[in-house]
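Remarks on the overall topology
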Amino acid sequence: MRTTSPCRKLLPQKKPMRSSSLPPATDTASTVAERRKTVHGVSLVIRGEGTPVFLMHGIGGAASSCGALAQLLSAHGFQTFCWDAPGYGESSAPPEGLDHPALVLDILATLNVGPAHLIGTSWGGVIATRIAAQAPEAVRSIVLADSTRGSGITRTAAQRMLARVPELAAVGPEILAARRAARLVSPSAPAWVAEAVRADMAAVRLSGFASAATMMAQCDTTDLLPRLQIPALVLVGQDDVITGVAESRVLAENIPGATLGIIPGAGHAAVQEKPMEMSAAILAFWEDLR
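Residues numbered from 1 in each chain as written. Predicted model: local features only at pLDDT ≥ 70, side-chain atom pairs only at ≥ 80, totals over all residues. Heavy atoms only, no water.

For the rest of this paragraph, the subject is the pairing of strand 7 (residues 139–145). Residues in a regular strand project their side chains so that they alternate between the two faces of the sheet. Extensive coverage of strand 7 is indicated by the burial of six of its seven residues. Handedness of the strand 6 (residues 116–121)-helix 3 (residues 123–134)-strand 7 crossover: right-handed. As judged from the four bridges shared by strand 7 and strand 8 (residues 232–237), these two strands associate in the parallel manner. When the sheet's bridge partners are listed, isoleucine 142 is paired in strand 8 with alanine 232. (Buried < 20%, exposed > 50% of the residue type's maximum accessible area, 1.4 Å probe, protein only. Helix = DSSP H or I, 4+ residues; strand = E, 2+ residues; numbered from the N terminus. Right-handed = clockwise from strand over helix to strand, strands pointing away. Pairing = 2+ DSSP bridges.)

Compared with an ideal rise of 1.5 Å per residue, which puts 12 residues at 16 Å, helix 3 spans 17 Å between its outermost C-alpha atoms and is within 8% of the ideal. Counting buried residues in helix 3 gives nine out of 12 residues, a clear majority hidden from the surface. Residues of helix 3 that are buried include every one of Trp123, Gly124, Gly125, Val126, Ile127, Ala128, Thr129, Ile131 and Ala132, and no others. Looking at the packing, one finds that the buried side of helix 3 touches strand 4 (51–56), strand 5 (78–83), helix 2 (100–111), strand 6, strand 7 and helix 7 (206–218). (Expected span 1.5 Å × (residues − 1). Contact = heavy atoms within 4.5 Å.)

Quick look at the side chain of glutamate 273 now. Looking at the secondary structure, you find glutamate 273 in helix 9 (residues 270–273). Within polar-contact distance, the side chain of glutamate 273 engages the backbone nitrogen of serine 186 at 2.8 Å. At 2.7 Å, the side chain of glutamate 273 and the backbone nitrogen of glycine 267 are in polar contact. (Polar contact = N/O pair within 3.5 Å; in protein donor to acceptor, adjacent residues only side chain to side chain.)

Another point: the confidence of the model for the protein. For the protein, per-residue confidence averages 91 on the pLDDT scale, and residues scoring 70 or more make up 90% of the total. In this model, residues 5–29 is a region of pLDDT below 50 whose contacts with residues beyond four sequence positions or in other chains number 39 contacts. (pLDDT = per-residue confidence, 0-100.)

Turning our eyes to something else, we now look at unusual backbone geometry. The backbone phi angle of asparagine 112 is positive, close to 55°, even though this residue is not glycine. Considering the arrangement of structural elements, one finds asparagine 112 in the loop between helix 2 and strand 6. Asparagine 112 sits in the exposed class, given a relative accessible area of 67%. Phi is positive for aspartate 146, close to 45°, though the residue is something other than glycine.

The subject of this paragraph is the pattern of salt bridges. Proximity of charged atoms lets side chains of opposite charge pair with each other. Scanning the entire structure with this criterion turns up nine salt bridges. As a salt-bridge pair, arginine 149 and glutamate 247 come within 2.9 Å of each other at their nearest N and O atoms. You can see arginine 149 sitting in the loop between strand 7 and helix 4 (155–171) and its partner glutamate 247 sitting in helix 8 (residues 244–254), a full 98 residues away along the chain. With its nearest N and O atoms 2.9 Å apart, the salt bridge here joins glutamate 167 to arginine 179. You can see glutamate 167 sitting in helix 4 and its partner arginine 179 sitting in helix 5 (residues 173–180), a full 12 residues away along the chain. It is possible to trace a salt-bridge network through shared partners that takes in Arg36, Asp84 and Glu90. (Salt bridge = Lys/Arg side-chain N within 4 Å of Asp/Glu carboxyl O.)

Another aspect to go through is the packing of helix 5 against helix 6 (residues 191–202). Direction vectors running N to C along helix 5 and helix 6 enclose 145°, while the axes themselves pass 8 Å from each other. Classified by chirality, the crossing of helix 6 by helix 5 is right-handed. Side by side, helix 5 and helix 6 meet where Pro173, Glu174, Leu176, Ala177 and Arg180 of the first sit next to Arg198, Met201 and Ala202 of the second. Tallied by class, residues from the contact of helix 5 with helix 6 come to five nonpolar, no polar and three charged. (Axes fitted to C-alpha atoms, helices over the stretch in contact; angles between N-to-C directions. Left-handed = near helix turned anticlockwise from the far one by under 90°. Nonpolar A, V, L, I, M, F, W, Y, C, P; charged D, E, K, R; others polar.)

The axes of two packed helices give the description: the angle between them and the distance between them. Across the interface, helix 1 (residues 67–75) lies against helix 10 (residues 275–289) with an axial gap of 9 Å and an inter-helix angle of 45°. Here helix 1 lies oblique to helix 10, going by the angle between them. Between helix 1 and helix 10 the crossing geometry is right-handed. Of helix 10, the residues touching helix 1 (which contributes Ala68, Leu69, Leu72 and Leu73) are Pro275, Met276, Met278, Ser279, Ile282, Leu283 and Trp286. Here the contact of helix 1 with helix 10 is built from residues that sort into 10 nonpolar, one polar and no charged. (Parallel < 35°, antiparallel > 145°, perpendicular 65-115°, else oblique.)

The next subject is helix 6. It helps to recall that an α-helix has 3.6 residues per turn; residues three or four apart then point in one direction. Compared with an ideal rise of 1.5 Å per residue, which puts 12 residues at 16 Å, helix 6 spans 16 Å between its outermost C-alpha atoms and is within 8% of the ideal. For helix 6, every residue scored as buried is listed here: Val193, Val197, Asp200, Met201 and Ala202. Structurally, helix 6 contributes buried residues whose contacts are with helix 5 and helix 9.

The next thing to look at is the packing of aromatic side chains. In this structure the tally under the stated criterion is three aromatic pairs. Between phenylalanine 78 and tryptophan 286 the ring centres are 4.6 Å apart and the planes differ by 45°, which places this aromatic pair in the tilted class. Of this pair, phenylalanine 78 sits in strand 5 while tryptophan 286 sits in helix 10, and the two are 208 residues apart along the sequence. An identical accessibility class is assigned to phenylalanine 78 and tryptophan 286; each is buried. (Phe/Tyr/Trp six-rings, centres within 6.5 Å; stacked < 30°, edge-to-face > 60°.)

Listed below in structure tokens is the structure:
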């Protein structure tokens, strides 16, 4: 395992890096047009052309959570696909017992775009890990952002994850977001970033959230990690108090050849807080694969 911190040192920039404290709306120089497409009931936001990248949000997110990062990667010649997971955003509600990794593989096969880079935040990283173990031929690399082995690593963690479902049903997403969203970002996060993270959580739907929580409660990828044969980059916000740096270190230490990068000034929602630093780390990682 290699460790690099801060991650922004990983990639020399061809242009001066604009401050990541600016809202995405002010960063128009590299804006890539986006379009929506629905595949197997799943709404995808697609940007750019080139090598495919499939981005998967966390349990409290949506396609919009990965938008700024996808814009930056698309501006560098990649075609990005950000999904609204089943039961999230504009996607259909998930069927009972949904196999999320199998669904992603079905989507990639239907799109016929060839092996893809996978980027997964938190829950999305668990999905990416399972896809890489199940179908390595469909995967170019995985990036696990503020992720985990799953909530099934302990009974307590699994029960805590499942308890979020009746809480959401009882109080609704607005109150759930008010209770939890502030912990997802660094204390130094700009107010507009914290609000974007809160708004994403406030828009979750019970069907999608319950399906995701059930998967997470049943999942422990510990035994899969040493068997992965896919290039892997593990990124984590230095101020992440949800999954944390220690858990990301476990991921990186147990995946053969993986690199760990720590993002200063970011919390669990590093993909939204520091998209420029994240993209720099990811692009450098992909450049090393050539």
